[in-house]
Every structure is written in structure tokens, then in C-alpha cells.
Amino acid sequence: MRYVVVTVADGEAGVFNKKLSAEAFEKFKVKSSKLPAHITLKAPFETEEPIEVLEEAIEKYIKDKKAISYEIKGFEHFDNRVIYMNVIENKEMRDFHKGFVKAIKEVNYISFGSHEGENAIFHVTVSSKKVSFVFDEMWQWINQFNCNYNVLLNNISIYKWQDNTWKLHKRFELKE
């Protein structure tokens, strides 16, 4: 089975991301993820081993953790391939993420590539497919929007690839 681990950006930021991604698709025919607005904590991975091992590692890690406030401000891009809402990371968020990476590395089927784990650049994708063909026009268009949100990192969510889409497998809540 194929899984991904994210923190869903709930609230106004998530609603804005969904609307913006839909408008970008209508205007430019660029696509985005089939996931809700999120920050990826562990990129998609495959395993036939019990996912409960990962669930237990997450539950153990977050049992005494509280939700963390962070800011999304403006837009950025990875080359001309991906346009995203820019996450302003803070020390509390980075420390939480480092601890999370360490905790789930203990799961034998989890490994991290060079652009994830402690090297991750926190972001909330708007568009990531076919962007290079319309990048300049889309970049100009997207920067007309005000993107300034306070968000809580209040969940860790595991999604499972099923029926050609990502479906929520399990959501873990952090204390607020």
C-alpha cells in the first residue's frame, strides 16, 4: 500500500488553498495534489507491513505535544515546477519536526530522501503539475492575492492511496 504523512492546514488557509488551486486549474490547466492543503511530513512511501507500527510511533511522539502556531505568508516556488504558499517556520515548529523525523525513523519501512526529513522546506502547494508551461503568467497572476494566515500545526494525518486518490487513513490530534 502507498501512504503519505502530512499535517493538514485547517481553517481559512486550507479554504484559500483549495479555492486558489481550483482557480489555477481553471485558468491555467495546472494541477495540484489530491490531498487537502497540507505540509508534507513524510513523502509517499510503499509498505505491505502493518501501518499500525507507524501509528504507534506517531501516537507515542505526540502524546505530550501541543499544537504549534505558524504563519503562511506570500508565495514562493521551486524553480518553474511548483508554486506554493510560503510557510514561515519557527524554532518550535522545526524542533517538533526534527523530533517527529527521529521518532518515525525507528519504523523499519520509513526512510527519508534528500529533500525531506530534516532537509524539508515547509510549504503548502498550490500547483505542481504542468506549471513550467505557464509559470511566468501564473506567477504574475498568483501574486495579486493576499496570502497571510496564522495556522495551527494541530494534527498529523496519514493518507492512503486508494481508488486513484488519497483517502484519510487516520488523523492524530495535538492538544490545543
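## Observations concerning the overall build of the protein chain
Then, in step 1: Looking only at helices and strands, the protein chain has 4 helices and 8 strands in total.
Then, in step 2: Compactness check: the protein chain gives a C-alpha radius of gyration of 16 Å against a globular reference of 16 Å for 176 residues, within 12% of the reference.
Then, in step 3: C-alpha extents for the protein chain along the principal axes are approximately 45 × 35 × 25 Å.
Then, in step 4: Taken over 176 residues, the protein chain has a buried fraction of 47%.
Then, in step 5: A separation of at least 24 residues holds for 78% of the contacts in the protein chain among residues at least 6 apart in sequence.
Then, in step 6: Element-wise, carbon and sulfur atoms account for 48% of the exposed surface of the protein chain, whose accessible area totals about 9,600 Å².
Then, in step 7: Across the protein chain, 26 positive and 26 negative side-chain charges occur, with their mean positions spaced 1 Å apart.

## Some thoughts on the pattern of salt bridges
Then, in step 1: By the definition in use, this model includes 12 salt bridges.
Then, in step 2: Glu-46 is the salt-bridge partner of Arg-2, the closest N and O atoms lying 3.1 Å from each other. Linking Arg-2 in strand 1 (residues 2-8) with Glu-46 in strand 2 (residues 38-46), this pair joins segments that are 44 residues apart in sequence.
Then, in step 3: You can call Glu-46 exposed: its relative accessible area is 51%.
Then, in step 4: Asp-163 is the partner of Lys-167 in a salt bridge, and the nearest nitrogen-oxygen pair spans 2.8 Å.
Then, in step 5: Taking the relative accessible area as the measure of exposure, Lys-167 reaches 34% and is therefore partly exposed.
Then, in step 6: Salt bridges sharing partners connect three or more residues here, namely Asp-10, Arg-171 and Glu-173.

## A look at the packing of aromatic side chains
Any pair of aromatic rings gets described here by the distance separating the centres and the angle formed by the planes.
Then, in step 1: Under the definition given, this model contains 12 aromatic pairs.
Then, in step 2: An angle of 70° between the planes, with centres 5.4 Å apart, marks the rings of Phe-28 and Trp-141 as edge-to-face. Here Phe-28 is found in helix 1 (residues 11-28), whereas its partner Trp-141 is found in helix 4 (residues 135-142), with 113 residues between them in sequence. The two residues Phe-28 and Trp-141 agree in class, both being buried.
Then, in step 3: A ring pair is formed by Phe-135 and Trp-139, whose centres lie 5.9 Å apart and whose planes are at 15°; its orientation type is stacked. Residue Phe-135 and its partner Trp-139 are both found in helix 4; the two are separated by 4 residues, about one turn of the helix.
Then, in step 4: Members of the aromatic cluster, joined through ring pairs, are Phe-16, Phe-28, Phe-75, Trp-141, Phe-145 and Tyr-149.
Then, in step 5: Just above the ring of Phe-112 sits the side chain of Lys-42; from NZ or CZ to the centre is 5.3 Å.
Then, in step 6: Taking the ring centre of Tyr-61 as reference, the NZ or CZ of Lys-65 above it sits at 4.4 Å.

Reading guide: rules and limits
- Residues numbered from 1 in each chain as written.
- Predicted model: local features only at pLDDT ≥ 70, side-chain atom pairs only at ≥ 80, totals over all residues.
- Heavy atoms only, no water.
- Helix = DSSP H or I, 4+ residues; strand = E, 2+ residues; numbered from the N terminus.
- Rg over C-alpha atoms; globule rule 2.2 N^0.38 Å.
- Buried < 20%, exposed > 50% of the residue type's maximum accessible area, 1.4 Å probe, protein only.
- Contact = heavy atoms within 4.5 Å.
- Areas by Shrake-Rupley, 256 points an atom, 1.4 Å probe, with all protein chains shown as cover.
- Lys, Arg positive; Asp, Glu negative; His and termini not counted.
- Charge placed at Lys NZ, Arg CZ, Asp CG, Glu CD.
- Salt bridge = Lys/Arg side-chain N within 4 Å of Asp/Glu carboxyl O.
- Phe/Tyr/Trp six-rings, centres within 6.5 Å; stacked < 30°, edge-to-face > 60°.
- Lys NZ or Arg CZ within 6 Å of the ring centre and 35° of its normal.

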